[in-house]
Amino acid sequence: MIQNEYLQKWIEEMRTLCQPDSVQIITGTDEENQQLIQKLVDKKTFIPLKKRQNSYLARSNVDDVARVEDRTFICSNIKDDAGPTNNWAPPDEMRKKMEGLFKGSMRGRTMYVVPYCMGPLKSPWSRVACTITDSAYVVVNMRMMTRIGDPALQMLGNNDFVKCLHSVGKPLEKGQQDSTWPCNPKDTYIVHFPEKKEVWSFGSGYGGNALLNKKCFALRLATSMGRKEGWMAEHMLIIGVTNPQGEKKYFTGAFPSACGKTNLAMLTPTLPGWKVECVGDDIAWMHWGDDGRLWAINPEAGFFGVASGTSPKTNINALKTIEKNAFFANVALTEDGDVWWEGLTDVPPKHLIDWKGKDWTPESKEKAAHPNSRFTVSAKQCPVLDPNFEAPQGVPISGIIFGGRRSTTVPLLRQALSWQHGVFLGAGTSSETTAAAKGAVGELRHDPFSMLPFCGYNMADYFAFWLQQEKPERKMPPIFFVNWFLKDKDGKFIWPGFGDNIQAIKWMWDRIDNKKEAEKTALGFLPKKEEFPRGDELFAIRKEEWQKECDDLQNYFKTFGQKMPKELWDELGKLKVAFF
Ligand code: GTP
Ligand code: SPV
Ligand code: MN
């Protein structure tokens, strides 16, 4: 029973607008979940995997495989509050357009009401929201990724909440057969109204477009809520690292989509005696404690990870996490009823059904799994889940890591010279695009703080907010910048990456403890080349490349006009002095 008056009213309004056949309030029980899964199996959206207990494969529509950034809007009241990096439309106009799309959009379907909590149930830093969706697929995925149902309702009490409305955008007429992956790519829109704390998402069933708890709420709306309330929502993993002496430090790390967060979050160290435990793999909500330290919670309860490339060599802990009770999207199906994707094994199976449902052999020209194929799984199954995963105050952060995917120019590892310089490094992040978003792959673009697609307000104000975090009474964590993706002349990665990334973390650890000398340069504190294998290549600083980098940054910073903080222009000025 729903007691909350705001929620009752909203459900009625949305029922009138969307005209579903029925309404189901989601409570979160196992029985309810099994019924929804059965429904998805009956509709052939879910293919049960014979070889993997309680696990299912879904094949999406071929036009609904990734986030759609050109259809994602931040409809703030004032255009300048969305800033130059976001799509914007006048909120009234956009609301009318969305109401037009949603009108009758759930005909022939069930409207699911999913109350949920982002963050541990007992944490003062958690926030309650509600998704209304016509997709059972979304509901069962949300059950893995968030804390849904009655516990969230209890936490909500009679307060107001974040409203997320989602429809696959395919109403069913009487007797009309549903498709296995209903969606409406032509009319897909992902629209945020930050002042109203609402998300309206139409036409897509894919992850970040449809699981509105994730990027839409926990990043885009949360960035703007956090700015007003004094906390930070970031596209960051959170890890606990223990050294051979048994001491522990927590780190957060921001890398663009499909650039290594899940892998770093579950890293198996190649250095003896070191241990890494996972608090989160994608999103961190951070606040300053009374002790002056920075604390982070993971608002999510599960992982929505990139399948492609995940192997026993790269991320054995992810494979253990998905051994059972997992959902897969757009991976290949083996003859004996298990999953496969490029990279999982050195030798591919002789025959597969590919992500489009067609026969596949190693001779096939196309990939068997989509490069953005994903798994959904509860964090509880992660063998290296940190004991403080659900700590209400979160975990104290000793170091912040930024990074991007750069085949040239940017060295393996360095430490920012100051907080302000660290904010400059975050703001200056560029990265080669990946399959996580629709569009070209491998194109270099600016992706400040790995937040380009996820910052719900003016990016220049976001830079200023980061600068404002520095206060005398606070213990500012040192900031580091890494690049695992440098390539040699033959196009091969120079750095082995994955488990060997612990070497970079060890260097950071020693820097935090003042136990390691480093070379002070205009780029930051750099390790001595001898300390890393192939150090000459990994720390080569080429003047012409950095001149180009400076020019690019100058042009980019200009796009923010008057709002661009002077401190970041000062930092760029110092970099230019060093290279020109
Ligand atoms: P999102 O879920 O999209 O936010 O991605 P993510 O940042 O969690 O990226 P993930 O860890 O899933 O890695 C994405 C891709 O990068 C995979 O193909 C990985 O194999 C590859 N990758 C991750 N870490 C490394 C690394 O250290 N070196 C190299 N060369 N590749 C890596
Ligand atoms: C990302 O693209 O950064 C993801 C996947 O984590 S999605 O949830 O689709 O945004
Ligand atoms: Mn992500």
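Before reading on, note that the structure itself is shown above.
Just so we're clear, the structure is a prediction, and the values are computed from it rather than from any experiment. (Residues numbered from 1 in each chain as written. Chains lettered and ligands numbered in written order. Predicted model: local features only at pLDDT ≥ 70, side-chain atom pairs only at ≥ 80, totals over all residues. Heavy atoms only, no water.)

(A) Inspection of the overall build of the protein at higher detail. For the protein, the helix and strand inventory stands at 15 helices and 30 strands. For the protein, the spread of C-alpha atoms along the three principal axes comes to 70 × 55 × 45 Å. For the protein, the proportion of its 580 residues judged to be buried stands at 61%. Partitioning the contacts of the protein with sequence separation of at least 6, the portion at a separation of at least 24 is 74%. Of the roughly 23400 Å² that the protein leaves accessible, carbon and sulfur atoms contribute 50%. (Helix = DSSP H or I, 4+ residues; strand = E, 2+ residues; numbered from the N terminus. Buried < 20%, exposed > 50% of the residue type's maximum accessible area, 1.4 Å probe, protein only. Contact = heavy atoms within 4.5 Å. Areas by Shrake-Rupley, 256 points an atom, 1.4 Å probe, with all protein chains shown as cover.)

(B) Structural view of the sheet that holds strand S17 (residues 302-306). Taken together, the five strands give an open sheet; going across it, the order is S2-S3-S18-S23-S17, and neighbouring strands pair in mixed fashion. Of all the strands in the sheet, just strand S2 (47-48) and S17 have a single pairing partner and so form its edges. Looking at chain direction, S17 and strand S23 (residues 374-378) are connected through five bridges and run antiparallel. Residue glycine 305 lies in a different strand from S23, and its bridge partner there is phenylalanine 375. (Pairing = 2+ DSSP bridges.)

(C) Structural detail: the site of ligand 2. Neighbouring ligand 2 are 13 residues, the closest being Arg67, Tyr206, Gly208, Lys215 and Ser257. Taking histidine 235, its side chain carries an N or O atom lying 3.3 Å from an oxygen atom of ligand 2. Taking aspartate 282, its side chain carries an N or O atom lying 3.4 Å from an oxygen atom of ligand 2. Burial of ligand 2 by the surrounding chains reaches 98%, relative to a free accessible area of 290 Å². Elements with a minimum of two residues in the shell around ligand 2: helix H6 (207-210) and helix H7 (213-229). Of the residues in the shell around ligand 2, the class split is four nonpolar, four polar and five charged. (Near = heavy atom within 4 Å. Polar contact = N/O pair within 3.5 Å; in protein donor to acceptor, adjacent residues only side chain to side chain. Nonpolar A, V, L, I, M, F, W, Y, C, P; charged D, E, K, R; others polar.)

(D) Inspection of the pattern of salt bridges at higher detail. Counted under the stated rule, the structure contains 38 salt bridges. Between lysine 214 and glutamate 300 there is a salt bridge, with its nearest N and O atoms 3.0 Å apart. You can see lysine 214 sitting in helix H7 and its partner glutamate 300 sitting in the loop between strand S16 (294-297) and S17, a full 86 residues away along the chain. The burial state of lysine 214 is the same as that of glutamate 300; both residues are buried. With a closest N to O distance of 2.9 Å, lysine 566 and aspartate 570 form a salt bridge. (Salt bridge = Lys/Arg side-chain N within 4 Å of Asp/Glu carboxyl O.)

(E) Fine view of the site of ligand 1. Near ligand 1 lie 20 residues; those nearest to it are Ala258, Lys261, Thr262, Asn263 and Arg374. Alanine 258 places a polar main-chain atom, nitrogen or oxygen, 2.7 Å from an oxygen atom of ligand 1. At a separation of 3.2 Å, an oxygen atom of ligand 1 approaches a polar side-chain atom of arginine 405. Protein contacts shield 91% of the accessible area of ligand 1, which totals 650 Å² for the unbound molecule. With three residues, the single largest contributor to the shell around ligand 1 is helix H8 (residues 261-265). Split by domain, the residues of the shell around ligand 1 number at least three in each of domain 2 (233-302 + 387-579) and domain 3 (303-381). (Domains from an automatic or database assignment.)

(F) Expanded view of the pairing of strand S14 (residues 275-280). S14 sits mainly inside the fold: five of its six residues count as buried. As defined by bridge partners, strand S12 (residues 236-242) adjoins S14 across five bridges and the pair is classed as antiparallel. Residue valine 241 lies in a different strand from S14, and its bridge partner there is valine 276.

Don't take any of this as a statement about function, it's just geometry.
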